[in-house]
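Secondary and tertiary structure notes
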Amino acid sequence: AYTPYYLVNALEVEGGSLLQLWLATRPEVDRVLPSPILRPLAELPQPMTGDIEPPSAPQWNLTNIGADRVWEEFGVTGEGIVIGQSDSGVQLEHPELMESYRGQNDHNDYNWFDPWYGSQAPTDIGGHGTHTLGSVLGKTVGVAPGATWFGCANLARNLGNAAFYLDCMQFMLAPFPLGGNPFTDGDPMQAAYVTNNSWGCPQAFEGCDSNSLLPAVRAMRAAGIFMVASAGNEGPACSTIDDAIATYDEVFSVGAIDQFGNLASFSSTGPVDGADSERIKPDIVAPGVQVLSALPDATYAELDGTSMAGPHVAGVVALIWSANPALIGNIERTEQILIESARPFTGTLGSGVIPSELVDAPVNDLVEPPSDSCVAQTDTGVTPNNVAGYGVVDAYAAVKLALGE
């Protein structure tokens, strides 16, 4: 049995080691990669939930990038922009997300796809996807609360494989109805404008090699879909951005900073080993430490990770395109706006988590970067650099530039 793909010239084949060895001898087969799938559990674990009260005002991460100023001064909240979310799923009933779902009134055709379990409506078995989508467009916790979304589940228990990632990318490019065939039923008129990808595909655990998803990412970019990828959480040493798709030049990769503007201690850094001229990554940094967002059961929690940082940039792109629809699909110009409007990174290496007693501490007095950290080895006064790329994303400056002001 096999599943064909069109975004990559590939098949996922069900079989053991003997079939794998035989396929590797075929002249028409470039290479054979593993496609690991988790053993099914007798009962799925309960998704994580939080215990923080819903916010009554924009949190630090939103004011840090000026998202609140965009709403207030420009009246732009992301209206008209469709976000494609591929993650562990989404709790549809969450008050932050239920009104912005594109498939209102149970219209889940073209709006939801679950290649893992075949669920017929948005659901989240982990909680990660609900949190990350909340930061993109949540009603009170999101950067672009006026945007709409549709979703796909490519993670189960926080693991995927190249095939599941391709399943969801094809759905983002050309959504199809429940039970539909991606080759014959996909409708690119309902494609995502921006996709948030708070995941990576490590070769050791999920089977991706460096080029597994590159043709797919290039096709998505050619279609005018802006792809945001989280840089990863293997820092702070240099060359720790090493998992697809964050390594690719064709996506906008995002590292994490804390409330003080310091690089989160876990945030992966560049350069990308093996890339042409050792590619500089990440492209930009955004808030990713103690970020308040949604979790299943209509709860809220603060989480840390570049998974939390990437959604801020996806939300900023939604604001840019909503403010100036002429930019929709113009990936190169939008990237340039993000780059030109970014604030310089002036921090150091943060602790990764901010103790409450240090909330008012000076920016550069938190942690002395160890000599083996990329912060200590990088001249962050030069941009782009392998710690913070072009700097800290600035929603207000980006929208202002997009409007030509």
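Anyway, here's the lowdown on the structure attached to this text. (Residues numbered from 1 in each chain as written. Predicted model: local features only at pLDDT ≥ 70, side-chain atom pairs only at ≥ 80, totals over all residues. Heavy atoms only, no water.)

1. Re the packing of helix 9 (residues 306–323) against helix 10 (residues 331–341)
Heads up, the rule is: Lines are fitted to the C-alpha atoms to define the axes, a helix being fitted only along its stretch in contact, and any angle between axes, read from their N-to-C directions, falls within 0 to 180 degrees. Only DSSP runs of H or I reaching four residues or more are called helices, and only runs of E reaching two or more are called strands; each is numbered from the N terminus. Orientation is classified from the angle alone, with under 35 degrees giving roughly parallel, over 145 giving roughly antiparallel, 65 to 115 giving roughly perpendicular, and any other angle giving oblique. By definition, any crossing whose near helix is turned counterclockwise from its far helix by less than a right angle is left-handed, and any crossing with a clockwise turn is right-handed. Any two residues having at least one pair of non-hydrogen atoms within 4.5 Å are treated as being in contact. Gly counts as polar in this scheme, as do all residues outside two lists: the nonpolar Ala, Val, Leu, Ile, Met, Phe, Trp, Tyr, Cys and Pro, and the charged Asp, Glu, Lys and Arg.
Between helix 9 and helix 10, the shortest axis-to-axis distance is 11 Å and the interhelical angle comes to 110°. Of the possible angle classes, the one that applies to helix 9 and helix 10 is roughly perpendicular. The handedness of the crossing between helix 9 and helix 10 is right-handed. Each of Val 313, Val 316, Val 317, Ile 320 and Trp 321 in helix 9 lies in contact with helix 10, whose residues at this interface are Ile 331, Thr 334, Ile 337 and Leu 338. Its residues assigned to classes, the contact of helix 9 with helix 10 comprises eight nonpolar, one polar and no charged.

2. A short note on the state of the cysteines
Note the cut-off: Cysteine sulfur pairs qualify as disulfides if the two atoms are within 2.5 Å. With a 1.4 Å probe rolled over the protein chains alone, any residue whose accessible area is under 20% of its type maximum counts as buried; one over 50% counts as exposed, and the rest are partly exposed.
Per the stated rule, a full pass over the model turns up three disulfides. Linked covalently through their sulfurs, Cys 152 and Cys 168 form a disulfide whose S-S length is 2.0 Å. Where Cys 152 bonds to Cys 168 through sulfur, the torsion about that S-S bond is close to -75°, and the disulfide is left-handed. Taken together, the residues span a long stretch of sequence, with Cys 152 in strand 5 (residues 148–153) and Cys 168 in helix 5 (residues 162–173) at a distance of 16 residues. Of the residues examined, Cys 168 reaches a relative accessible area of 0% and is grouped as buried. Disulfide pairing places Cys 238 opposite Cys 374 at an S-S distance of 2.1 Å. The disulfide joining Cys 238 to Cys 374 has a torsion of about 95° about its S-S bond and is therefore right-handed. Here Cys 238 is found in the loop between strand 7 (226–230) and strand 8 (252–257), whereas its partner Cys 374 is found in helix 11 (residues 374–377), with 136 residues between them in sequence. Given the relative accessible area of 0%, Cys 374 is considered buried. Ordering the disulfide-forming cysteines of the protein by sequence position, one finds them joined as 1-2, 3-4, 5-6.

3. So, the pattern of salt bridges
Selection rule: A side-chain nitrogen of Lys or Arg and a carboxyl oxygen of Asp or Glu constitute a salt bridge if their distance falls within 4 Å.
One pass over the structure, following the stated rule, counts ten salt bridges. Residues Asp 209 and Arg 31 are paired through a salt bridge, measuring 2.6 Å at the closest nitrogen-oxygen approach. A residue pair is termed long-range when its members are at least 10 positions apart, and Asp 209 in the loop between helix 7 (203–206) and helix 8 (214–222) and Arg 31 in the loop between helix 1 (17–24) and helix 2 (60–64) qualify at 178 residues. Across the pair Glu 340 and Arg 333 runs a salt bridge, and its minimum N-O distance is 3.9 Å. Judged by relative accessible area, Glu 340 falls into the partly exposed class, the value being 45%.

4. Comments concerning the nonpolar core
Here is a general trend for soluble globular proteins: nonpolar side chains tend to be buried in one another's company. Note the threshold: For the purposes of this section, nonpolar cores are sets of buried Ala, Val, Leu, Ile, Met, Phe, Trp, Tyr and Cys residues that join through side-chain atoms within 4.5 Å.
Within the largest apolar cluster, 54 residues are counted, with the highest numbers of intra-cluster contacts made by Ile 83 and Ile 320. Residues within four places of Ile 83 in sequence aside, it is in contact with Leu 133, Val 136, Leu 137, Ala 147, Thr 148, Trp 149, Phe 150, Ala 192, Val 194, Ala 314 and Ala 318. Ranked by size, the runner-up nonpolar core spans 38 residues in total, among them Met 169, Cys 201, Cys 208 and Leu 213.

5. Here we look at the pairing of strand 3 (residues 82–87)
It is a general feature of regular strands that their side chains alternate between the two faces of the sheet. Our working rule: Strands pair, by our definition, only if DSSP identifies at least two bridges between them.
By the criterion of burial, strand 3 is predominantly enclosed, with six of the six residues buried. Burial of strand 3 is two-sided: the residues Val 82, Gly 84 and Ser 86 facing one way and the residues Ile 83, Gln 85 and Asp 87 facing the other way are all buried. Relative to strand 5, strand 3 runs parallel, the two sharing six bridges. Paired with Val 82 across the two strands is Thr 148, which belongs to strand 5. Of the strand pairs in this sheet, strand 3 and strand 6 (residues 194–197) are connected by three bridges, and their pairing is parallel. Bridge pairing in strand 6 links Gln 85 to Asn 196.

Interpretation note: all reported values are geometric properties and have no functional meaning in isolation.
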